[in-house]
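Chain residues, written in single-letter form:
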Amino acid sequence: MATLSLVCGYVICVLIGLLGVFVLWRIADGSIDLSRLISEPNGDASMSRFQFLVFTFVVALSLFLVIVSAPNHPTFPNVPATILSLLGISGSSYLVSKGIQFSDPAGIDDRGVDVNITPVKAIVHFGQTQQFQADVPRKPGSPVKWEVIAGPGNIDAKGLYTAPAAAAAPAGGAAATTALHATIQVTSDEYPDAFDLAVVTLV
Amino acid sequence: MFDLQKLMEWEILTFLLALAGLVVVQLLTGAINTNGFFCGRVSGRRRGEDQYFSPERVQLLVFTLGAASHYVSQVLTNLHPGTFPPMPEGWLAVVGGSNAIYLGGKTYARWFANGSSK
């Protein structure tokens, strides 16, 4: 019977370990998305949520360390009133904070996702290249799509714009004397409604 | 043969620390959204003009991390194994005061900063 209990204990231990590794692995590869862990419905990060997260984790870790450090055998300890007060302060502050925020409709509206392109204007010589950068502040490093939506030139998947070798001759055969323009659009893959534009002047 | 209790202890401790590490790394790299973390919003102003740098959030962050690290250090150096070390009441007052300042700033931005109280 003792052997069976021991075997069951090891099996449970291994299963819990595998579950833990699975969860950590899914978080690390992004399958479990924590990107809005401390975010409000409107997309802003919240200090109240962050404080709640920190204190909850500290109490959870402390509880575990206290239980396993019991001298004879693990027992559930009495939680001091000061610890409960700390959690109470944090929780109450969070609730009041949300009450203030949600009293204003603008505090709830999702502000949408921004994509910022740099530079927004560029002067490029024919045959030359210009590197553009895109930033998605809500989710840095998230994939974006680059396009030339108007004008000449090409842009690759990394935002490198290549101007045509020479100005196309306008109708009538005269050489081009005025500057040409191209418009670059970058769009977030994850948020297709979020995009930004840049204008290239070809000289 | 490993001691089953020790194995379980290390397993859970490793999980908790790895989880905390992942969250910290994702916070620092921006994978967890921190947009507007130190910014408050003034009600009634146009979008784009309503954000302001918020010192009350900075002080709340400092005192939150201070209280958390102080308590974890107390747990790690606990002289009475098996019991929670008490949180000094001074720290409770500090955390409570810090939260009051934060809420005060938020209240001001919501109802008074724009000169309206709708």
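Predicted model, so just to flag it, every value in this text is computed and none were measured.

A.B. asks: Sorry, what's going on with the overall build of chain B here?
C.D. replies: Check the secondary structure of chain B and you find three helices and two strands. For 118 residues, the compact-globule formula gives about 13 Å, and the C-alpha radius of gyration of chain B, at 20 Å, lies well above that figure. Projecting the C-alpha coordinates of chain B onto the three principal axes gives extents of approximately 70 × 35 × 20 Å. Looking at chain B residue by residue over its 118 residues, the buried ones come to 22%. Here the contacts in chain B between residues at least 6 apart in sequence split such that 54% fall between residues at least 24 apart.

A.B. asks: Can you help me understand the overall build of chain A in this one?
C.D. replies: Each helix and strand in chain A was counted, giving three helices and nine strands. Reading the secondary structure of chain A in the N-to-C direction produces α-α-α-β-β-β-β-β-β-β-β-β. The C-alpha atoms of chain A give 28 Å as radius of gyration, which overshoots the globular expectation for 203 residues (17 Å, by more than 25%). Oriented by its inertia axes, the alpha-carbon framework of chain A measures out at about 95 × 50 × 20 Å. Scored against the burial criterion, the 203 residues of chain A give a buried share of 21%. The contacts in chain A between residues at least 6 apart in sequence include a share of 60% that link residues at least 24 apart.

A.B. asks: Please explain the domain arrangement of chain A as it appears in this structure.
C.D. replies: Many structure descriptions define interface size as the accessible area lost when the parts assemble. In terms of domain boundaries, chain A breaks down into domain 1 (33–107) and domain 2 (116–202). Once you take the C-alpha centre of each, domain 1 of chain A and domain 2 of chain A turn out to be 46 Å apart.

A.B. asks: Any chance you could explain the interface of chain A and chain B here in plain terms?
C.D. replies: Each partner contributes to the interface: chain A provides 55 residues, whereas chain B provides 50 residues. Where the side of chain A that touches chain B is concerned, the elements lending two or more residues are helix H1 (2–28), helix H2 (47–68) and helix H3 (81–102) of chain A. Among the elements that line the side of chain A that touches chain B, the one with the most residues is H2(A), at 13 residues. Looking at side-chain class alone, the side of chain A that touches chain B contains 35 nonpolar, 15 polar and five charged residues.

A.B. asks: Is there a simple way to explain the pairing of strand E8 (residues 180–188) of chain A in this structure?
C.D. replies: Residues and elements named next belong to chain A. As defined by bridge partners, strand E5 (residues 144–150) adjoins E8 across six bridges and the pair is classed as antiparallel. Residue pairing for E8: Glu147 is matched across the bridge by Gln185. As defined by bridge partners, E8 adjoins strand E9 (residues 195–202) across eight bridges and the pair is classed as antiparallel. For Thr187, the partnering residue across the bridge sits in E9 and is Phe195. Hairpin connection from E8 to E9: six residues lie between these consecutive antiparallel strands.

A.B. asks: What is the right way to look at H2(A) in this model?
C.D. replies: In an α-helix, one turn spans 3.6 residues; hence positions three or four apart end up facing the same way. A rise of 1.5 Å per residue sets the reference length of H2(A), with its 22 residues, at 32 Å; its end C-alpha atoms lie 32 Å apart and thus fit the reference within 8%. Considered for burial, the residues of H2(A) that qualify are A:Met47, A:Ser48, A:Phe50, A:Gln51, A:Val54, A:Phe55, A:Val58, A:Val59, A:Leu61, A:Ser62 and A:Val66.

A.B. asks: When you look at the nonpolar core in this model, what are you seeing that I'm missing?
C.D. replies: As a rule of thumb, soluble globular proteins bury nonpolar side chains together. A:Phe55, A:Val58, A:Leu86 and B:Ala68 are the most contacted members of the largest nonpolar core, which has 24 residues in total. Secondary structure elements with two or more residues in this core: H2 and H3 of chain A together with helix H2 (55–76) and helix H3 (89–112) of chain B. With eight residues, the single largest contributor to this core is H2(A). For A:Phe55, the contacting residues outside a window of four places in its chain are A:Leu86, A:Leu87, A:Ser90 and B:Ala68. The next biggest cluster of nonpolar side chains, apart from the first, holds 14 residues, and it includes A:Ala134, A:Ala163, A:Val186 and A:Val200.

A.B. asks: What am I meant to see in the sheet that holds strand E7 (residues 160–162) of chain A here?
C.D. replies: Note: strands within a sheet are paired through backbone hydrogen bonds, in either parallel or antiparallel orientation. All names here are of chain A. Read from one edge of the open sheet, three strands run E3-E7-E6, paired in antiparallel fashion. Here the strands that pair on one side only, and so sit at the sheet edges, are strand E3 (129–131) and strand E6 (154–155). By the bridge criterion, two bridges tie E6 to E7 in an arrangement that is antiparallel. Its bridge partner lying in E7, Ile155 is registered against Tyr161.

A.B. asks: When you look at the sheet that holds E9(A) in this model, what are you seeing that I'm missing?
C.D. replies: Residues and elements named next belong to chain A. Here four strands make up an open sheet; going across it, the order is E2-E9-E8-E5 and the pairing mixed. Edge positions in the open sheet fall to strand E2 (121–124) and E5, since each of these has one partner strand only. Direction aside, the axes of adjacent strands within the sheet are offset by 25° on average.

Quick notes on the rules
Each chain carries its own residue numbering, running from 1 in the direction its sequence is written. The naming scheme follows written order: chains are lettered A onward, ligands numbered 1 onward. Reporting of local features is limited, given that this is a predicted model, to residues whose pLDDT is at least 70; pairs of side-chain atoms are given and counted only at 80 or more, and all residues count toward the totals for whole chains, interfaces and linings. Each helix corresponds to a stretch of at least 4 residues labelled H or I by DSSP, and each strand to a stretch of at least 2 residues labelled E; elements are numbered beginning at the N terminus. We compute the radius of gyration over the C-alpha atoms and compare it with the globule rule, which gives 2.2 Å times the number of residues raised to the power 0.38. Between the buried cut of 20 or more and the exposed cut of 12 or fewer other C-beta atoms within 10 Å of a residue's own C-beta lies the partly exposed class, and all C-beta atoms are placed from the backbone. Any two residues are considered in contact once their C-beta atoms, placed from the backbone, lie within 7 Å. Domain start and stop positions are those given by an automatic or database domain assignment. The classification used treats Ala, Val, Leu, Ile, Met, Phe, Trp, Tyr, Cys and Pro as nonpolar, Asp, Glu, Lys and Arg as charged, and all other residues, Gly among them, as polar. At least two bridges found by DSSP between two strands are what make those strands a pair. Expected span of a helix: the number of residues minus one, times 1.5 Å. By definition, a nonpolar core groups buried Ala, Val, Leu, Ile, Met, Phe, Trp, Tyr and Cys residues that connect through C-beta atoms lying within 7 Å of each other. For helices, the axis comes from a line fit to the C-alpha atoms of the stretch in contact; other axes are also lines fit to C-alpha atoms, and the angle between any two N-to-C directions lies between 0 and 180 degrees.

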